[in-house]
Amino acid sequence: MQKIKLVVAMLMLLNVAAAQPKLQVAIQLPTGFTSKVVANDLGRVRHIAVNSNGDLYMKLDRLVNGKGIYRLRDNNGDGVMEDTLAFGNYTGTGIGINNGYLYATSDQTIYRYKFDANQNIVNLDQPEIVVDGLMNKRQHASKSITFDKVGNLYVNIGAPSNVCQEQDRQKGSPGLTPCPILENAGGIWQFNTSKTNQTLSDGIRYATGMRNALGIDWNNEVNDLFVTIHGRDMLYQYFPEMYNQKRGAELPSETFYRVKKGDDCGWPYIHWDHFQNKKILNPEYGGDGKKEGAPNAISPLVGFPGHMAPNALLIYSGNQFPAKYKNGAFIAFHGSWNRTPEPQEGFYVVFVPMKNGLPTGKWEVFADGFSGMSPVTNLSAAKHRPTGLAQGEDGSLYVSDDKAGYVWKISYNK
Amino acid sequence: MRIKLAIFGLGLILLSNFSNAQTSVQGKSKQMLNGKKVYDMYCQACHQADGNGVPRLNPPLAGTVYVTGSKTRLIDIVLNGLTDPIEINGEEYNNPMAAHSFLTDQQIADVLTYIRNSFGNKAGAVSVAEVKKQRAKK
């Protein structure tokens, strides 16, 4: 009897093990590309960076074993990153490598760690503070970063608001003109990396009128800043008389901009409409779905379908991928929620072919299948959500996921 | 004799409880139907059709004591909105919720009864009187 019980118990254990295989979805890629999971189960992996020696750095927005930054390293060159180092006791999104330093951000502070000659960090527990006290009102608080070639750092300070209403996200509440948020948020700020312990006033507002430019990268081909911006929510829910359920799911566009110093992208007064190819005045500011607004605001390079959440941007400068990818843009779409009750959209990495900083063709889905299902009816069921992008020294593309904490390495095999 | 009386009394109580339960079941199913209408129009966009919310942004309504626990706290959230940091089952949620005091007492009672008995939740109905009482406290 005891024996039978034991056997039954063992069988049950086996069953449990068999019923919970390692979460794996098949990522679909263009012909010639392959993908490999290089990290998994690290929770909310947001942005990522790859050092010239192949080390992969991940910024976590939820601590794992008390740490917010993970480094994976392949010590013996067998292609498996078996060596894990965890440090940093803060959560956040932004991470990047520049001029001998690893930069990482919490929602209000930009830290940096110095590399030694062997690309090991010398001050793991005592990072320098580059900038402190950035706006953190929780909504759109992720501080994504990038660098130019002359020692400047660029940080997205998202607007803690949907569309700068008197009462945020209150149906019927009017929009504020001028929007006071734009003074210290809703744009990109530039800081000099030669100084530490800076505050907002030490930087300059490089560009404005951005709700949340979570995707941010410097384009070295044309020496300009490029960003992807999350568009406003709730057009259908607040204004069903102007935007029906389908239209409210497709609009406003998620946008991809080339940004020069002093540019204004028009938030909160307008949204981009990729059907009309116009800057449409938001209804909170007197719009009717057709009236245009913000005449001085720049137009995006591309308007994507609504709410897909472009969480990361990477201008590809590698030589591994075929020539068409050079200087083009990869954009990681996190996947929507504000399309409900329409099916959700996104959960993929898109490619925009570009030359001289301008698109040369239509955007296409490059890496798909992260959600593990089609269509995605309930967001909570999506298995993975693309969030970060990085380029390896060998030209490989890395994609992170903040749902299950995976990172894929995508390579091209000639 | 005493025992008989006691049994009779008990029977009466049981009977009246049963009939109360009957009315409340009918009342509740009507509340559930009307509550779903309110949910679809005002809540679903953020909290999603399955009540699981959106990670990092909009809190889930499934499997949390914020929904199945204190009714007064729940009513207050609908009336006043919620902008304070909130942690549910170890996760933080960052999008603010606007006040929904423009909903009628009946709509609030219906939608709260609906969310307390959907998405796997099972909790008592919320009455119009309970909402009225909380609104008066504002």
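Anything mentioned here points back to the structure above.
Remember, predicted model here, so these are calculated numbers, not experimental data. (Residues numbered from 1 in each chain as written. Chains lettered and ligands numbered in written order. Predicted model: local features only at pLDDT ≥ 70, side-chain atom pairs only at ≥ 80, totals over all residues. Heavy atoms only, no water.)

**A short note on the sheet that holds strand β5 (residues 83–87) of chain A**
Residues and elements named next belong to chain A. Across the sheet, which stays open at both edges, the four strands sit in the order β2-β3-β4-β5 with antiparallel pairing between neighbours. Unpaired on one side and paired on the other, β2 (45–50) and β5 mark the two borders of the sheet. Between one strand and the next, the sheet's axes are offset by a mean angle of 25°, whatever the strand orientation. Note that β2 and strand β3 (residues 56–64) share four bridges and pair antiparallel. Within β3, the position partnered with Ile48 by the bridge is Met58. (Pairing = 2+ DSSP bridges. Helix = DSSP H or I, 4+ residues; strand = E, 2+ residues; numbered from the N terminus. Axes fitted to C-alpha atoms, helices over the stretch in contact; angles between N-to-C directions.)

**Looking at the interface of chain A and chain B**
Taken together, the contact between chain A and chain B spans 23 residues of the former and 25 residues of the latter. Summed over both sides, the interface of chain A with chain B buries roughly 2,000 Å², with 47% coming from carbon and sulfur. Summed over the three residues of chain A that lose the most area to chain B, namely Arg44, Arg138 and Trp337 of chain A, the buried surface amounts to 33% of that side. Here Arg62 of chain A ties to Glu91 of chain B by a salt bridge, and the two come within 2.2 Å at their closest N and O atoms. (Contact = heavy atoms within 4.5 Å. Buried area = accessible area lost by both parts, 1.4 Å probe. Salt bridge = Lys/Arg side-chain N within 4 Å of Asp/Glu carboxyl O.)

**Concerning the sheet that holds strand β6 (residues 95–98) of chain A**
All names here are of chain A. Spatially, the four strands line up as an open sheet ordered β6-β7-β8-β9, and their pairing is antiparallel. Where the open sheet ends on each side, the last strands, each with one partner, are β6 and β9 (128–131). Geometrically, the sheet is characterised by an average inter-axis angle of 30° between neighbouring strands, direction not taken into account.

**Some words on the packing of aromatic side chains**
Residue and element names in this part refer to chain A. All told, the structure shown has 33 aromatic pairs over all chains when counted by the stated rule. Each ring, one from Tyr325 and one from Phe330, has its centre 5.9 Å from the other, and the planes form 10°; the classification is stacked. The same class applies to Tyr325 as to Phe330, namely buried. Aromatic ring contacts, followed pair by pair, group Phe33, Tyr316, Phe321, Tyr325, Phe330, Phe351, Phe366 and Tyr412 into a single cluster. (Phe/Tyr/Trp six-rings, centres within 6.5 Å; stacked < 30°, edge-to-face > 60°. Buried < 20%, exposed > 50% of the residue type's maximum accessible area, 1.4 Å probe, protein only.)

**Let's talk about the nonpolar core**
All names here are of chain A. One finds Ile110 and Val155 to be the most contacted residues of the largest nonpolar core, which totals 28 residues. If you list the elements that add at least two residues to this core, you get β7 (101–105), β9, β10 (145–147), β11 (152–157) and β12 (187–192). Once residues within four sequence positions are removed from consideration, Val155 is found in contact with Ile110, Leu134, Lys143, Ser144, Ile145, Gly187, Ile188, Trp189, Phe191 and Ile216. Within the second largest apolar cluster, 22 residues are counted, among which are Val25, Phe321, Val349 and Trp408. (Core = buried A, V, L, I, M, F, W, Y, C linked by side-chain atoms within 4.5 Å.)

**Some words on unusual backbone geometry**
Only a minority of non-glycine residues have a phi that is not negative, and only a minority of peptide bonds are not trans. With omega at -10°, the peptide bond leading from Thr177 of chain A into Pro178 of chain A counts as cis. Here Pro178 of chain A lies in the loop between β11 and β12. The omega torsion of the bond from Trp267 of chain A to Pro268 of chain A falls at 5°, within 30 degrees of zero and hence cis. Among the secondary structure elements, Pro268 of chain A is positioned in the loop between β16 (254–259) and β17 (270–273). At Met234 of chain A, a residue that is not glycine, the phi angle is positive and equals roughly 75°. Turning to its location among the elements, Met234 of chain A is positioned in the loop between β15 (224–229) and α2 (235–238). For Asn89 of chain B, which is not glycine, the phi dihedral falls at a positive 50°. Among the secondary structure elements, Asn89 of chain B is positioned in the loop between β1 (86–88) and β2 (91–93).

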